[in-house]
Amino acid sequence: MTKAEKHHGRQIWILVSGLGIVMGIIFGITLNAFSILTLPLMEDFHSTQAETAHGSCIFILTMTLVMPLAGWLLDRISPRLIMVSGAVVTGIGYSLAAQSQTLDAFIIGMAVCGAGVGVSTYIPAFTLVAHWVAPIRQGLFFGIMLAITSLGGIFFPLVLTSVISDHGWRVAMRIGIALIFLVCIPLLWWVVRLPGNKTAVERSEKKASSSGYAIKAALQLPIYWVWALSFFMITLSSLGILMGLVPYLKFVGYTSQSASMVYASIAAATVIGSLLFGFLSTRYGPERTFLGGLVVNTAGLLFLFYAGTAHWGLGAALAFSLTWGTTFNLANQLAPTLLLKIVGDRNFGSLLGIGNLISGIGAALGPIVFSHFVDTTGNYVISLVISIGLLLASIPFLGIFVAKQKTAA
């Protein structure tokens with residue numbers, strides 16, 4: 001291995017680690033915290049679970065609405081400028097939410113925060129790593145980055161639960177504000193760069209010579225919409241479960257601390273799953289790896305029905321965490337590699353952003369749909385059945401994708 005190759009390898013590890021830490025903090029205090037914040041917000045603002053869920057819904061919606069713009073910009077200008085600016089907007093929005101006096105004001109703050117997160121995290125991070133890492137190894141490095149990210153999902157639910165219990169949710173959010181401005185923004189400024197620090201002209205020349213589809217041509221491919229629809233259904237199911245998990249566990253008899261521990265154990269399982277399925281994707285391919293993982297994910301939801309029973313109890317909850325948790329991030333982890341195989345790298349950032357806008361609508365609707373049936377029925381049975389049904393419906397779509405890719409090969 002040459003000196004240049006060693007340096008390139010070190011830069012990849014610095015980049016992946018730095019981006020993982022940033023996303024671990026930002027997602028840890030937002031997506032991973034909404035389930036923890038739900039009951040304190042309901043009590044403070046005298047709102048229903050469905051009304052409170054609008055905060056997470058709007059956050060996810062604005063986050064995904066800006067993703068196509070983020071992808072388009074990444075194909076054209078400096079990723080450092082884009083991601084640092086997005087992190088600043090994230091901090092401003094989170095600050096507005098932390099000092100809100102009404103639920104509407106909280107939702108507005110989270111809407112601003114979501115827009116910043118959309119520009120500073122998923123699409124830019126995965127697009128940037130794709131520039132540095134060869135396709136055969138992308139699933140593994142995406143998994144490593146998500147494993148680091150998931151550590152935030154282990155740490156923050158436990159810490160935030162303790163802080164909220166002792167000092168209230170506003171103090172907990174102020175800690176998040178400090179982390180955004182003192183850790184995330186400086187770290188992004190340091191690690192974000194393209195290989196060789198390419199100029200805008202050099203990137204434009206590379207894009208012109210890159211393989212792949214124009215945006216309009218890619219959007220006319222049926223397989224692109226198979227890819228997008230399958231991830232829409234998966235995220236609709238997954239985010240509904242994630243945001244409603246702590247209230248569900250408390251509904252069936254768990255204490256706040258026990259529920260938050262189960263919630264945190266999902267993130268621990270996600271760390272293991274991200275690394276395991278990243279390795280499996282290099283061995284068996286991303287299509288088959290994801291299809292197998294989705295079957296495990298669907299089966300894992302069945303354990304939730306037994307989490308409140310006297311016989312199964314905590315054992316069922318932990319079995320859910322192990323199976324569902326290890327496969328929770330597969331859509332995020334393998335979707336970029338699957339897309340790259342469909343459309344090439346010519347407009348990868350833009351097309352990944354469009355696809356994530358579609359799946360993100362599912363993510364935004366998930367908590368609302370889940371909470372609506374909880375409020376109208378007084379229990380969680382219908383919500384859980386719908387979540388399982390969506391995953392079952394997505395399996396044939398991914399099967400079609402596997403068959404198409406096998407034929408193409």
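What you see is a predicted model; the values in this text were computed from it and never measured.

J.: How should the packing of helix H16 (residues 330-343) against helix H17 (residues 348-377) be read in this particular structure?
T.: Axes are the key here: two packed helices are described by the angle between their axes and the distance separating the axes. The interhelical angle for the contact between H16 and H17, taken along N-to-C directions, is 120°, at an axis separation of 10 Å. Our classification of the angle between H16 and H17 gives oblique. For the pair H16 and H17, the crossing hand works out as right-handed. The residues of H17 that touch H16, namely those facing Pro336, Leu339, Leu340 and Val343, are Phe348, Leu351 and Leu352.

J.: Would you take a moment to explain the side chain of threonine 38 for this structure?
T.: Residue placement: threonine 38 occurs in helix H2 (residues 34-45). A distance of 2.7 Å separates a polar side-chain atom of threonine 38 from the backbone oxygen of phenylalanine 34. If sequence neighbours within four positions are ignored, threonine 38 has contacts with Gln49, Thr52, Met243 and Pro247.

J.: Any chance you could explain unusual backbone geometry here in plain terms?
T.: What is expected of a backbone is that most residues other than glycine have negative phi and most peptide bonds are trans. Even without glycine at this site, histidine 46 takes up a positive phi of about 55°. Counting through the fold element by element, histidine 46 comes out in the loop between H2 and helix H3 (49-65).

J.: Help me understand the packing of aromatic side chains in this model?
T.: Aromatic ring pairs are reported here in terms of the distance separating the ring centres and the angle at which the planes meet. Under the criterion given, the structure shown has 17 aromatic pairs. Among the aromatic residues, those joined into a cluster by ring pairs are Tyr224, Trp225, Trp227, Phe231 and Phe290.

J.: Whenever I open this one, the environment of serine 95 confuses me. Can you help?
T.: Looking at where serine 95 falls in the secondary structure, it is placed in helix H5 (residues 79-98). Residues serine 95 and histidine 46, 49 residues apart in the sequence, show an inter-C-alpha distance of 21 Å. When sequence neighbours within four positions are dropped, the list of residues in contact with serine 95 reads Ile177 and Phe181.

J.: I tried to follow the pattern of salt bridges on my own but got confused; where do I start?
T.: A side chain with one charge can pair with a side chain of the opposite charge if their charged atoms come near. Applying the stated criterion to the full structure yields two salt bridges. Note that arginine 170 is salt-bridged to aspartate 44, the shortest N-O span being 3.7 Å. Separated by 126 residues along the polypeptide, arginine 170 in helix H9 (residues 169-191) and aspartate 44 in helix H2 bring together distant segments of the chain. With its nearest N and O atoms 2.7 Å apart, the salt bridge here joins glutamate 287 to lysine 341. Here the residue glutamate 287 occupies a position in helix H14 (residues 286-301), and lysine 341 occupies one in helix H16, the gap between them amounting to 54 residues. Looking at glutamate 287, the relative accessible area reads 7%, which means it is buried.

J.: Sorry if this is basic, but what is going on with the confidence of the model for the protein here?
T.: Regions with low pLDDT carry predicted coordinates that are not meant to be interpreted in detail. Taken as a whole, the protein shows an average pLDDT of 86; of its residues, 94% reach a score of 70 or greater. Between the elements of the protein, mean pLDDT differs from a low of 45, seen in helix H10 (residues 200-209), to a high of 96, seen in H9. Confidence over residues 199-209 falls short of pLDDT 50; this stretch has 13 contacts with residues more than four positions distant or in other chains.

J.: Would you mind showing me how to read helix H8 (residues 135-167) here?
T.: Its 33 residues place the ends of H8 47 Å apart at the C-alpha level, agreeing with the 48 Å of an ideal helix rising 1.5 Å per residue. Maximum bend of H8: about 25°, positioned at phenylalanine 156, with proline proline 157 one to four residues after it. Immediately beyond the C-terminal end of H8, within one or two residues, lies glycine 168, with a positive phi of roughly 100°.

J.: Which parts of the structure should I look at to understand the nonpolar core?
T.: Across soluble globular proteins, nonpolar side chains have a tendency to be buried as a group. Formed by 121 residues in total, the largest nonpolar core has its most connected members in Leu19 and Trp227. By residue number, the principal contributor to this core is helix H12 (residues 222-251), which donates 15 residues.

Calculation notes
Residues numbered from 1 in each chain as written. Predicted model: local features only at pLDDT ≥ 70, side-chain atom pairs only at ≥ 80, totals over all residues. Heavy atoms only, no water. Axes fitted to C-alpha atoms, helices over the stretch in contact; angles between N-to-C directions. Helix = DSSP H or I, 4+ residues; strand = E, 2+ residues; numbered from the N terminus. Parallel < 35°, antiparallel > 145°, perpendicular 65-115°, else oblique. Left-handed = near helix turned anticlockwise from the far one by under 90°. Contact = heavy atoms within 4.5 Å. Polar contact = N/O pair within 3.5 Å; in protein donor to acceptor, adjacent residues only side chain to side chain. Phe/Tyr/Trp six-rings, centres within 6.5 Å; stacked < 30°, edge-to-face > 60°. Salt bridge = Lys/Arg side-chain N within 4 Å of Asp/Glu carboxyl O. Buried < 20%, exposed > 50% of the residue type's maximum accessible area, 1.4 Å probe, protein only. pLDDT = per-residue confidence, 0-100. Expected span 1.5 Å × (residues − 1). Bend = angle between axes of the 7 residues up to and from the residue. Core = buried A, V, L, I, M, F, W, Y, C linked by side-chain atoms within 4.5 Å.

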